[in-house]
Structures are given as C-alpha cells and as structure tokens.
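# What the coordinates show
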Amino acid sequence: MRAHWGGVFAMTLCVFALIASEFMPVSLLTPMAADLQVSEGWAGYGIAISGAFAVLTSLSIGRLAGNLDRKTVLLLLTALMALSGLVVAWAPSYAVYMLGRALIGVVIGGFWSLSAATAMRLVPPAQVPRALAVFNGGNALATVIAAPLGSYLGGVIGWRGAFLCLLPLACIALAWQWASLPRMAAQPAGARRSLFVLLRRRVVLLGMMACGAFFMGQFALFTYVRPFLETVTHASANTLPWMLLGIGVGGFLGTVAIGAFIRRGLYRTLVVLPLLMAVIAVVLIPLGTKPGTVALLMAIWGFFATAAPVGWWSWLARTFTEDAEAGGGLMVAVVQCAIALGSTVGGLLFDSFGFATTFLASAAVLLCAAALAGMTAVEGRAPAQQINRAGEMV
C-alpha cells in the first residue's frame, strides 16, 4: 500500500483550522457579546450549538454521505468550514452568528467521525499510529495558539477580523486535500453498523458516561475563562493573551507527557485527571484575584484537560477491535453533546449566580467523571474485554 503523507499533513492543517474555529469564541467572548448585544452567557451558546450540530452529524454522517467518495465528503466539509467563518465574521445579528456556529458544528461532527478511518486508508497499517499522532499534533498546536492569538487579534483588528484570519487556512487546506488525497470509496452499506448497539455492554456505557461527564465539567468552566480573568482576576488587555497562552502551552505539554502515564495505568490516569481538575476549579474561587497564582493554576488545568482526551481515545482503542470506527463515531457524539451541555449550563450559572457557582458546578461534574471512570475500570479489568461487530464481549 502506498503511503499518502501529503494527505495526512493536509488533513492536519484542516484539524488545526477546525480546532481554532471551534474554540475561537472562548478568547473573544467579551467583545463578541458586546457587539452582538447579548450577555456573555448567550455568546457562549455559540459553542453549545456547534456541539449540538456536531452530535447530529456524527450520528448520521454515514447516511448523509451515502455512497459519496470520502475524499469528496472531506472536501465539502472543508469548504463548509470556510463558509462558516465568513458567516460568523460578517454576522449582522446574533441569529446569523448562531447559524455560522451551527455550520462549524456540522464540520466538526463529520470530520472527526471520518478522521480515524481516513488515516487507516492513507498509510499502511504499521504507520497508522504515526499518522494519528500527526493529526493530534495539529490539534495540540491549535490548542496552544488559538486562544491567545484570537485574543491578540481581537484586540488589534476586532473579533470579526480574527475569524476572517482563519479563512486563508481553510482555503489552503481545501486545495492541499484536493491535490493530495486519493479517492476513497464509501464502505458498502451492508457493512455499516448501528452505533447504539455498542452501548449494550456495561463497560462501554460506563466509559461513555465517564467521558461525557469529563467534557461537560471541563467546558462548564473553560468556556467562561475569559470573563473570569477579566472581571475577577482583572487581567489587562496585554496580560490576557499571555495567560491564555499559558493554558495552551500546558495543554501541549500534557499531550506530549500523557503517554507515559497511560502506559503505567490507563484507568488510574482516567480517574486522577478529573479529580485534580476538580481541585483546581475549587481553589480558583478564593484565589481568583491573584493573577500569578491564577496563571499557574490555569496552565496546570490546561495540562490535565488536554491530556485526558488522549486517555479516552486510548481506552477506545483497547476496548474495541473490529468496530473502532463505530466506537469513534459514538464517542464524537458523546463528547460534543457534553461540550454543548456543559457550556450551556455554565452560561446559565455564570449569568445568574456568577463565577463561583459555575466553578463549583464544574468541580462537581468532574468528580462524577472520576467516579464513573473508576466504575469503568472495575468493568474493564477482566482480560481481553473487547467489543466485536455484534456488540458482544469477546
């Protein structure tokens, strides 16, 4: 099999632009809310709606794409990402802004549902882990750069200009994928499996609940980091991008370091990470007025928050053998639904009761995630517990 590394790197650029587009509102929440004449909580629902549409797309992408060549599907999704950026940047009203965020949700759900299967078709089996690592590199790089760069650009050219800056990246990714991706025929209809049959097994159900609780707790807090830093920590316009950069750098380091912890104990890692994040969420409440302490705690938060998803994808790879694609689609739906729910609940609490209640709620949900991860560990201790295509334990 010929390796198509140009296609891998083209998709990695697309991952970078997609992640930056998905979470750009986090660093621009305050100016967006002022310009669109809504509260910061309502502006934050832009992340919630993108998550909701990502869920719907991840559950139905196989049917929506039908027998279309997967290269064509990926190109259409990338073009839709560019269109979403234009709609958001030129939005004359809150409703149009939400429409643009819904479009990026469609791209998120479709792209991530197809990403693992695409990597398997671009390179020989022995090189698939390396290809997936390259994809994750785009994710990690966007995590480091997107928030502080968005905050900086928002201060220089406005939040609309910050979103327009993503358009050239999307166009380059589109052209590069068109030139480098091979044709990839759709899987025969008879071979496609229902995602929900996987939930028949208790280990899968508990694992997905734990993963969902983790992301819900994380984004109940993370979506409203900028308002917290501005109104409680009183970070200046010059300081704020550096504090957001600290979160991103911490996340990049977490992605690099997490492999060693997973090898020593996957389930222990999945339990400990949300516990530590819950502690940070609580500690930030009394220490929120101390800029240096907050910057350090948020960088540590970024380390844990970005590392944890790698652990959950590792759990997926260990738990499923023949249906990793279906399991991946299910996880995308769970994660995006959790992000939507977490940012929505966080927005309601932030607007109604303030940051302290929001952070306490985040900590409570993260503690639930740790407990559910522990229960998943109990179910998954038996040797060779893996799921076949019929949804049965083998």
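Presented here is a report on the structure given in the accompanying data block. What you see is a predicted model, and the numbers here were worked out from it, not measured in a lab.

Of the regular secondary structure elements, the protein holds 13 helices and zero strands. Over its C-alpha trace the protein gives a radius of gyration of 20 Å, about what one expects of a compact globule, namely 21 Å for 394 residues. Seen through its C-alpha atoms, the protein measures out along the principal axes to roughly 55 × 45 × 30 Å. A buried classification covers 56% of the 394 residues belonging to the protein. The contacts of the protein with a sequence gap of at least 6 include a subset with a gap of at least 24, amounting to 85%. For the protein, the exposed area adds up to about 15,800 Å²; of that, 69% sits on carbon and sulfur atoms. Across the protein, the mean location of the 22 positive side-chain charges is 9 Å away from that of the 11 negative side-chain charges.

Attention now moves to empty space enclosed by the protein. Under the definition given, this model contains one cavity of 30 Å³ or more. Forming the boundary of the largest cavity are 13 residues, of which Ser21, Met81, Ser84, Gly85 and Leu166 lie nearest the centre. Ranked by the residues each element gives to the lining of the largest cavity, the list is headed by helix α3 (residues 70–89), at five residues. Taken together, the residues that form the lining of the largest cavity break down as nine nonpolar, three polar and one charged.

Our next topic: the packing of helix α1 (residues 5–36) against helix α2 (residues 40–65). For the pair α1 and α2, interaxial distance at closest approach is 9 Å and the crossing angle is 160°. With respect to their mutual orientation, α1 and α2 come out roughly antiparallel. α2 is crossed by α1, and the crossing has right-handed handedness. Residue-level inspection shows Glu22, Pro25, Val26, Leu29, Thr30 and Ala33 of α1 in contact with α2, the latter providing Glu40, Ala43, Gly44 and Ile47.

Moving on to the packing of aromatic side chains. The description of an aromatic ring pair uses the distance of the two centres, along with the angle that the planes make with each other. Per the counting criterion, the structure on display carries 14 aromatic pairs. Each ring, one from Tyr94 and one from Tyr97, has its centre 6.1 Å from the other, and the planes form 40°; the classification is tilted. On the criterion of helical spacing, the pair formed by Tyr94 and Tyr97 is a turn pair, its members being three residues apart in helix α4 (residues 94–122). Neither Tyr94 nor Tyr97 differs from the other in exposure class; each is buried. With 6.0 Å between their ring centres and 85° between their planes, Phe111 and Trp112 make a pair best called edge-to-face. Trp112 sits in the buried class, given a relative accessible area of 17%. Of the aromatic side chains, those joined through ring pairs into one cluster are Trp42, Tyr45, Tyr94 and Tyr97.

What follows covers a positive patch on the surface. There is a patch of like positive charges on the surface, built from Arg263, Arg264, Arg268 and Arg381. In this fold, Arg381 is placed in the segment after α13 (355–380). Among the residues examined, Arg381 registers a relative accessible area of 60% and is labelled exposed.

Attention now moves to the pattern of salt bridges. Inspection of every chain in the model, using the stated rule, returns three salt bridges. Notably, a salt bridge pairs Glu379 with Arg202, separated by 2.9 Å at the nearest N-O pair. Here Glu379, found in helix α13, pairs with Arg202, found in helix α7 (residues 202–222); they are 177 residues apart in sequence, far enough to count as distant. Across the pair Glu230 and Arg226 runs a salt bridge whose closest N-O atoms are separated by 2.9 Å. Of this pair, Glu230 and Arg226 both sit in helix α8 (residues 225–231), separated by four residues, roughly a single helical turn. For Glu230, a relative accessible area of 22% translates into the label partly exposed.

Turning to α7, a few remarks are in order. For α7, built from 21 residues, the straight-helix expectation of 30 Å at 1.5 Å per residue is met to within 8% by its first-to-last C-alpha distance of 30 Å. The element α7 is largely enclosed, with a buried count of 17 among its 21 residues.

Moving on to a nonpolar patch on the surface. A cluster of nonpolar side chains, Leu149, Tyr152, Val156 and Ile157, forms an exposed patch at the surface whose accessible area comes to about 400 Å². For Val156, a relative accessible area of 53% translates into the label exposed.

A few words now on the nonpolar core. Counting residues in hydrophobic clusters, the biggest one holds 124 residues, and the most contacted among them are Leu229, Trp301 and Trp315. The leading source of residues in this core is α1, at 19 residues. Residues within four places of Trp315 in sequence aside, it is in contact with Val203, Val204, Gly207, Met208, Leu266, Tyr267, Leu270, Met331 and Thr376.

Within the secondary structure, Asn238 is located in the loop between α8 and α9 (239–264). Remark: the alpha-carbon pair of Asn238 and Ser151, spanning 87 residues in sequence, is separated by 9.6 Å.

If you trace the backbone, Gly380 turns up in helix α13. Residue Gly380 is classed as buried on the basis of its relative accessible area, which comes to 18%. Here the alpha-carbon distance between Gly380 and Ser39, two residues 341 residues apart in the chain, equals 44 Å.

What follows covers the environment of Leu166. In this structure, Leu166 sits in helix α6 (residues 166–180). For Leu166, a relative accessible area of 11% gives the class buried. A C-alpha to C-alpha distance of 9.5 Å links Leu166 and Met81, two positions 85 residues apart in sequence. Excluding anything up to four places from it in sequence, Leu166 contacts Ala20, Ser21 and Met24.

What counts and what doesn't
- Residues numbered from 1 in each chain as written.
- Predicted model: local features only at pLDDT ≥ 70, side-chain atom pairs only at ≥ 80, totals over all residues.
- Heavy atoms only, no water.
- Helix = DSSP H or I, 4+ residues; strand = E, 2+ residues; numbered from the N terminus.
- Rg over C-alpha atoms; globule rule 2.2 N^0.38 Å.
- Buried < 20%, exposed > 50% of the residue type's maximum accessible area, 1.4 Å probe, protein only.
- Contact = heavy atoms within 4.5 Å.
- Areas by Shrake-Rupley, 256 points an atom, 1.4 Å probe, with all protein chains shown as cover.
- Lys, Arg positive; Asp, Glu negative; His and termini not counted.
- Charge placed at Lys NZ, Arg CZ, Asp CG, Glu CD.
- 1 Å grid on protein atoms, 1.4 Å probe; cavity = no way out; pocket = protein on both sides within 12 Å on 5 of 7 lines; lining within 4 Å.
- Points joined across faces, edges and corners; volume = space filled by probe spheres on them.
- Nonpolar A, V, L, I, M, F, W, Y, C, P; charged D, E, K, R; others polar.
- Axes fitted to C-alpha atoms, helices over the stretch in contact; angles between N-to-C directions.
- Parallel < 35°, antiparallel > 145°, perpendicular 65-115°, else oblique.
- Left-handed = near helix turned anticlockwise from the far one by under 90°.
- Phe/Tyr/Trp six-rings, centres within 6.5 Å; stacked < 30°, edge-to-face > 60°.
- Patch = residues over 30% accessible without salt bridge, like charges linked within 9 Å, V, L, I, M, F, W, Y side chains within 5 Å.
- Salt bridge = Lys/Arg side-chain N within 4 Å of Asp/Glu carboxyl O.
- Expected span 1.5 Å × (residues − 1).
- Core = buried A, V, L, I, M, F, W, Y, C linked by side-chain atoms within 4.5 Å.

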